[in-house]
Amino acid sequence: MLTNQRGNALLTVLITTLVMVTIGMAIISSTIGGAKRTEVRETDIDITYEGLKAVEEISAKLVSELQPSKKLDINQLTTGTINSKVADFIQSDIIPTYQSSNTIKCITVVDVSSNRASNLLGDHCGRANTLQYHTFGLDFLDTNLTRVYEIIVHTKNPESEQGKVEKIVRKRIILSPIPSFLKYTLGSRELLELNGSPHLVGNVYAHSLDISEDANYQLSNQTDKKVSAPFPSIIGDIYTSYEKTNYTHMKSLVDTHQFYPRISAPDIKQDSQFTDISFDQTYGEEVGKVLSPLDLSLNNNLTQTNLRNTITNNLLTDGSLFFPLVKGILNENVQGVVKADKSITVKRLIHSGVDLIVKGDVNILADSTMNIGNIISTGNVTISNVTGDMSIGNIVAAGKVSIEANAPVVLKENIVSFDNISFQSQNSTSSIEGNIFSGKNLTIQGDSNDPDGENDEVKFNSVIYAKGKTSISNLNITGIKDSSETGPSGQLILLSKGELLVTRMNEFHYYSNEKEKKENDLLPETSEAIKPLQAFLYTDSDATLYGVGSLFYVNGGVFSKGNLTVNAVRGKVDDMDRIESDLFSNQEQKLSRFIVHYNRDVLLSKLEALPKVESLSLISDEIIVQ
């Protein structure tokens, strides 16, 4: 019997056709959806780029307005008007530029300097008022022009684009009357010469730049030698003022790969905003601030003769009672203010807070705990602390100031000397909490013979000015922690008019783990026993620094107004005579012996005592895209 199956075949064809159409529609729908998602993603990327471009353009325009005679000229600003001036500039010069933009919805600036964020344009750009901000709680806003702002750019996608895509781009900036050298890890206003393999984390400044694989060093018999090392490593950018020849040379160094091969080479950028300092003017102003409260105003006549006459006339006349001395030695039971018309020797003081005002020299030889007030001398001040803790207030001397700390010394106030200042820490840790002003040379050193490791340390929270040469050797310098132990450490900001010499820091020592492990910064582990030098070092002259036998590790920055030469290798060095054989082909992936890691905390500390400048500086900080 034959069966008619033509109806079944038709049904099969219809079902197959329906399935194929359904699959085709799904493919088409998926393709259209994918295309839409791709378009939305492209829009997301485009408007993020527009937001980033806008915050950078606004930063650049702000920089231009900070220059003399412009709207944000430092001479036209006060602590009470700076926010309104910035707001007026944004309102009049920035916002109109973007009003016709089909990608920028609104722009504003938020002040985060204090404990509470404040939108300078009120309700403008309302989304900005709903964001979470990191505020800085600065306590000097009534006396200093430093401000921390966030530039907020709210983007939107053009109406022709698919979907509703919006982004918030935030850039934090710092406006501050700081010298430009504090913005850089390492730099020179003249020639920056990097020999061997120093490691720099942060931006670098150079008027001109030379790089060599050969690091220079010197043997104990004064023989000059060289040793090859990998090229320098810079995690940051190199800034320069635009001069075609120098700029072209720097670009060629990048193009010919003359940098450490294990990380990306730096970019070359311009800084047309560089602000130099006026060393002598600031020195005179800051010394005046210290002397005036002590009734020693010199009216900008900073000479030894004037200081001696002022001490005598203001503090040692008008019926002053001079304490009797036995063989020049001060009685240990004295109290209050001690005035002497000739040099004195102090061996012990039972009472705390004794002030010493002396027409002559002051010699202190301590073998017990002493808490001294101010020391004011027309001659030299020499202090040797043998045993017991010692604390001192202000020290003012027309002559030299020499301190030898075999036991801890705490300097709670300032030191002013119109001659040389030397501070030596011997197997102890001392603290300097005030500022130091040396009329000539400054020497800070430890014991050169520490067989069991470096145990000489000075803790600072100070700004130091030296009108002559500055030498630091054979000790650790760290920052004083605040009482809560939660805030940033205090720092040493050292400004030398003469040559800067930093030597024999952690000589022949090295990190316990010599390998570069932290790929983002190539820095030593925080658990390492070797402590970084917490400091910004500046010289108005030339400087030559070494990380060959020495291990030079700075958490801060180093800058020279003249030429700056750095020599460094990577790896462990035990003997300068064997350095070539010990290090040959064995340096890559090992930590450098010369490391400078930029520390931004200094921008918001010690502002009152920093050198004066002619304009505010803009320092770029964090960028966030939300």
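Here the structure is a predicted model, which is why all the values come from computation and not from measurement. (Residues numbered from 1 in each chain as written. Predicted model: local features only at pLDDT ≥ 70, side-chain atom pairs only at ≥ 80, totals over all residues. Heavy atoms only, no water.)

Another point: the sheet that holds strand S3 (residues 147-156). As summarised here, the arrangement of the five strands in space is S2-S1-S3-S4-S39, forming an open sheet in which the pairing is antiparallel. Each end of this open sheet is capped by a strand with a single partner; those strands are strand S2 (118-119) and strand S39 (617-625). Of the strand pairs in this sheet, strand S4 (residues 166-176) and S39 are connected by seven bridges, and their pairing is antiparallel. Bridging across to S39, Ile173 finds its partner in Ser620. Across the sheet, helix H2 (residues 82-98) touches strand S1 (104-111), S3 and S4, and the angle it forms with S1 is around 170°. (Pairing = 2+ DSSP bridges. Helix = DSSP H or I, 4+ residues; strand = E, 2+ residues; numbered from the N terminus. Contact = heavy atoms within 4.5 Å. Axes fitted to C-alpha atoms, helices over the stretch in contact; angles between N-to-C directions.)

Before going further, it helps to examine empty space enclosed by the protein. With the rule as written, the count across this model stands at four cavities of 30 Å³ or more. Roughly 80 Å³ of volume is contained in the largest cavity. Taken together, 13 residues line the largest cavity, and the ones lying closest to its centre are Met505, Lys531, Pro532, Leu533 and Tyr553. Elements that contribute at least two residues to the lining of the largest cavity include exactly strand S31 (476-479) and strand S36 (552-560). Class assignment for the residues of the lining of the largest cavity results in nine nonpolar, three polar and one charged. (1 Å grid on protein atoms, 1.4 Å probe; cavity = no way out; pocket = protein on both sides within 12 Å on 5 of 7 lines; lining within 4 Å. Points joined across faces, edges and corners; volume = space filled by probe spheres on them. Nonpolar A, V, L, I, M, F, W, Y, C, P; charged D, E, K, R; others polar.)

What the largest pocket holds in volume is close to 870 Å³. Surrounding the largest pocket, 28 residues form its lining, Asn203, Tyr239, Leu618, Ile619 and Ser620 being those nearest its centre. Going through the elements one at a time, helix H1 (6-65), strand S12 (268-270) and S39 are the ones with two or more residues in the lining of the largest pocket. Take the lining of the largest pocket: its biggest share by element is five residues, from S39.

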